[in-house]
Amino acid sequence: DKLKKIFSQCRQENRAALIIFCSCGYPDMDSSERAIETAISAGADIIELGVPFSDPMADGSVIRKASEIAISKGANLPKILDMAERLTKRHPETGFILFSYMNILYHYGLQKLCRKLNEIHLDGILAVDLPLEEKAELAQPCQEYGLHLIALVSPATPLERARKIMAEASGFVYSVNVCGVTGIRDLHPEEIAEHLAVLKANSPVPIAAGFGINDGQAAQRLSRIADGVIVGSAFIKILSGAGDFSQCLGAAREFIADLAIHVRRQP
């Protein structure tokens, strides 16, 4: 269980796990693979492989635009799985989660997909739009092939429902910091800390916090309570900056290295 090993190691090192979301295929397949390599070398513990989708309802403008560009350049799930296989071979200690919407997963075939993910050594799936009441159809093949089905909860999730979601959670729980779509925004640390504390008291697996994290200070505040810190839009925004893509990669490396420092808790 690679994810369990990663969170255990992070606890021993008194830090939160650093989880980076990457829009696969943005700005093209080769460049996104370079971006993931950069994230890992700079300190990412777990990579969320974002599959571009034409109607990404949970994503803000930055990731939505990246998805549009990736699709226009021919990115699709089979190509992303080929890339993922190369990445897992080169980085056997890094966690990899497929991050997608159910429409894409249905089209590929749930049983076929889970078998493929097992073969190429991915660790799990996060299906953004899969509700608790309908999760069995994906949970069953995930369990059969040893994959984690990552659960999502938000500040709008009633506690009783959150408890039901977390009771069946595997790998880690993705705690959404704010209501709405992904993106960089002002966070309210006290409210988030209270929400995370309640989740941690009720969850059998680690809690990772995402949405709205744009710098080391925000990551540091969340790492005091959360077991993992998830960053996506801020990373993608740096990759979409002006200038040569290699320069953008350099800036992204510095950004993630800074995050990796800030998720270390102070003694």
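Moving on, we get to empty space enclosed by the protein. Applying the stated criterion across every chain yields a total of two cavities of 30 Å³ or more. The calculated volume of the second largest cavity comes to roughly 70 Å³. Phe21, Gly50, Val51, Pro52 and Ser67 are the residues nearest the centre of the second largest cavity, which is lined by 16 residues in total. Breaking the lining of the second largest cavity down by element, the ones donating at least two residues are β1 (17-23), α3 (61-72) and β3 (95-100). Within the lining of the second largest cavity, the residues separate by chemical class into 11 nonpolar, four polar and one charged.

What follows deals with unusual backbone geometry. With an omega of -5 degrees, the peptide bond between Tyr26 and Pro27 qualifies as cis. If you trace the backbone, Pro27 turns up in the loop between β1 and α2 (29-42). Positive phi outside glycine occurs at Asn14, with the angle close to 55 degrees. Along the polypeptide, Asn14 turns up in the loop between α1 (2-12) and β1. Overall, the relative accessible area of 35% leaves Asn14 in the partly exposed class. One non-glycine residue, His121, adopts positive backbone phi at about 70 degrees. If you trace the backbone, His121 turns up in the loop between α6 (110-119) and β4 (124-127).

Under the defined criterion, the tally for this structure stands at four aromatic pairs. Summarising the aromatic geometry, the rings of Phe21 and Phe99 are spaced 5.0 Å apart at their centres and angled 75 degrees between planes, so their arrangement reads as edge-to-face. On the criterion of sequence distance, the pair formed by Phe21 in strand β1 and Phe99 in strand β3 is long-range, its members being 78 residues apart. By relative accessible area, which is 6% here, Phe21 ends up buried. The ring of Tyr108 has Lys112 sitting right over it, with the charged end atom 4.6 Å from the ring centre.

Take the environment of Ala75 next. For Ala75, the position within the fold is in the loop between α3 and α4 (77-90). Relative accessible area serves as the criterion here: at 10%, Ala75 is assigned to the buried category. Placed 48 residues apart in sequence, Ala75 and Pro27 show a C-alpha to C-alpha distance of 9.7 Å. Apart from residues lying up to four places away in sequence, Ala75 is in contact with Cys24, Gly25, Met29, Pro52 and Ala70.

Before going further, it helps to examine the layout of surface pockets. By volume, the second largest pocket amounts to about 250 Å³. Looking at the second largest pocket, it is lined by 15 residues, and the ones nearest its centre are Ile6, Gln9, Arg15, Ala44 and Asp45. Considering each element in turn, the lining of the second largest pocket owes the most residues, five residues, to α1. In terms of residue class, the lining of the second largest pocket is made up of six nonpolar, three polar and six charged.

Once that is clear, we can look at the confidence of the model for the protein chain. Mean pLDDT over the protein chain: 92, with 94% of residues reaching 70 or higher. The low-confidence segment residues 180-185 (pLDDT under 50) makes 23 contacts with residues lying over four places distant or belonging to another chain.

Before going further, it helps to spend a moment on the side chain of Asp45. By the secondary structure assignment, Asp45 is in the loop between α2 and β2 (46-50). In terms of polar contacts, Asp45 uses its side chain to reach the backbone amide nitrogen of Leu18, at 2.8 Å. Discounting chain neighbours no more than four positions away, the residues touching Asp45 are Ile6, Cys10, Arg15, Ala16, Ala17, Leu18, Thr94 and Gly95.

With that settled, the discussion passes to helix α8 (residues 159-167). Regarding α8, the residues found buried are Ala162, Ile165 and Met166. Considered in projection along α8, the buried side chains sweep an arc of 90 degrees and stay on one side of the axis. Seen from the open side of α8, the exposed residues pointing more than 90 degrees away from its buried face are Lys164 and Ala167.

So, on to the packing of α6 against helix α7 (residues 136-144). For the pair α6 and α7, interaxial distance at closest approach is 9 Å and the crossing angle is 30 degrees. Our classification of the angle between α6 and α7 gives roughly parallel. For the element pair α6 and α7, the recorded crossing hand is right-handed. The residues of α7 that touch α6, namely those facing Leu110, Gln111 and Cys114, are Glu137, Leu138, Gln140, Pro141, Cys142 and Glu144.

Here the structure, examined in full by the defined rule, presents zero disulfides. Cys248 carries a free sulfur, and the closest cysteine sulfur to it, the one in Cys22, is 13 Å from it. Judged by its relative accessible area of 4%, Cys248 is buried.

What counts, and where the lines are drawn
- Residues numbered from 1 in each chain as written.
- Predicted model: local features only at pLDDT ≥ 70, side-chain atom pairs only at ≥ 80, totals over all residues.
- Heavy atoms only, no water.
- 1 Å grid on protein atoms, 1.4 Å probe; cavity = no way out; pocket = protein on both sides within 12 Å on 5 of 7 lines; lining within 4 Å.
- Points joined across faces, edges and corners; volume = space filled by probe spheres on them.
- Helix = DSSP H or I, 4+ residues; strand = E, 2+ residues; numbered from the N terminus.
- Nonpolar A, V, L, I, M, F, W, Y, C, P; charged D, E, K, R; others polar.
- Buried < 20%, exposed > 50% of the residue type's maximum accessible area, 1.4 Å probe, protein only.
- Phe/Tyr/Trp six-rings, centres within 6.5 Å; stacked < 30°, edge-to-face > 60°.
- Lys NZ or Arg CZ within 6 Å of the ring centre and 35° of its normal.
- Contact = heavy atoms within 4.5 Å.
- pLDDT = per-residue confidence, 0-100.
- Polar contact = N/O pair within 3.5 Å; in protein donor to acceptor, adjacent residues only side chain to side chain.
- Arc of directions from axis to C-beta.
- Axes fitted to C-alpha atoms, helices over the stretch in contact; angles between N-to-C directions.
- Parallel < 35°, antiparallel > 145°, perpendicular 65-115°, else oblique.
- Left-handed = near helix turned anticlockwise from the far one by under 90°.
- Disulfide = S-S within 2.5 Å.

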